[in-house]
Amino acid sequence: KNQVEQSPQSLIILEGKNCTLQCNYTVSPFSNLRWYKQDTGRGPVSLTIMTFSENTKSNGRYTATLDADTKQSSLHITASQLSDSASYICVVTTGVGMEYGNKLVFGAGTILRVKS
Amino acid sequence: DAGITQSPRHKVTETGTPVTLRCHQTENHRYMYWYRQDPGHGLRLIHYSYGVKDTDKGEVSDGYSVSRSKTEDFLLTLESATSSQTSVYFCAISEGGLLNTGELFFGEGSRLTVL
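Residues numbered from 1 in each chain as written. Chains lettered and ligands numbered in written order. Predicted model: local features only at pLDDT ≥ 70, side-chain atom pairs only at ≥ 80, totals over all residues. Heavy atoms only, no water.

Draft legend 1. The state of the cysteines, seen in detail. In total, this model carries two disulfides over all chains according to the counting rule given. Each sulfur in the disulfide pair A:Cys23 and A:Cys90 lies 2.0 Å from the other. Handedness of the A:Cys23-A:Cys90 disulfide follows from its S-S torsion of about -65°: it is left-handed. Note that A:Cys23 is positioned in strand 3 (residues 19-25) and A:Cys90 in strand 9 (residues 86-94), a separation of 67 residues in sequence. Overall, A:Cys23 belongs to the buried group, its relative accessible area being 0%. Judged by its relative accessible area of 0%, A:Cys90 falls in the buried class. Disulfide partner of B:Cys23: B:Cys91, at an S-S distance of 1.9 Å. Handedness of the B:Cys23-B:Cys91 disulfide follows from its S-S torsion of about -70°: it is left-handed. (Disulfide = S-S within 2.5 Å. Helix = DSSP H or I, 4+ residues; strand = E, 2+ residues; numbered from the N terminus. Buried < 20%, exposed > 50% of the residue type's maximum accessible area, 1.4 Å probe, protein only.)

Next up, the structure:
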């Protein structure tokens, strides 16, 4: 069964500190892995998209890593800010499922709260 | 921000009543999707469209129907709403398929409460 597991479920850190969010998946075949940020009451917004051949991808203070061998990804946030408080969602795309749209498997998300 | 507008943003209705949610895009993207988001679950696909009048079921399509008569509009209908359909519904769009690195853009969501 295709699954995406994220940990921790929630996390509280102090402003200025770094943190790392984890994503483990059992999706096969693998096409790409995405990280989204979802602010409370808003829709998810894309942070990074990584294909099989990419190990690391950065977007400002966000750095995503991918280990396709172990089927693990992480999202590292550097020098956290209050505005980083959000849910972070890991999404894996598989190349089968829908003929045209491809199948996305969503994790349940990690809720991050940054405190001052 | 991608030009996606969902309406209504909030709705409270009673069990057994019909409900239609509308998604309107200004990006001229081919693909449109309806997802639902529930606590403790990842987003789950209800239906999607790959062109005008071309739609297909997602993983949680029971109790829902969709229509796409124009490129820019994708409607989600609950023929007879049930309490289990209380959720936040997100519309999403993409220019192409998502197999490679095609971006998926989400709307702001429609919160539906079925009493």
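Here the narrative resumes.
Draft legend 2. Structural detail: the packing of aromatic side chains. Summed over all chains, the structure comprises twelve aromatic pairs over all chains. Ring centres of A:Phe106 and B:Phe106 lie 6.5 Å apart, and the angle between their planes is 75°; this geometry places the pair in the edge-to-face category. Taken as a pair, A:Phe106 in strand 10 (residues 103-106) and B:Phe106 in strand 10 (residues 105-106) lie in two separate chains rather than in one. The pair formed by A:Phe106 and B:Phe106 is uniform in burial state, with each residue classed as buried. Both rings, one in B:Tyr35 and one in B:Phe106, keep their centres 5.8 Å apart while their planes meet at 50°; by these two values the pair is tilted. Remark: B:Phe106 occurs in strand 10 and B:Tyr35 occurs in strand 4 (residues 31-37); sequence separation between them is 71 residues. Every member of this aromatic cluster is reached through a ring pair, and the members are A:Tyr36, A:Phe106, B:Tyr33, B:Tyr35, B:Tyr48, B:Tyr50, B:Phe90 and B:Phe106. (Phe/Tyr/Trp six-rings, centres within 6.5 Å; stacked < 30°, edge-to-face > 60°.)

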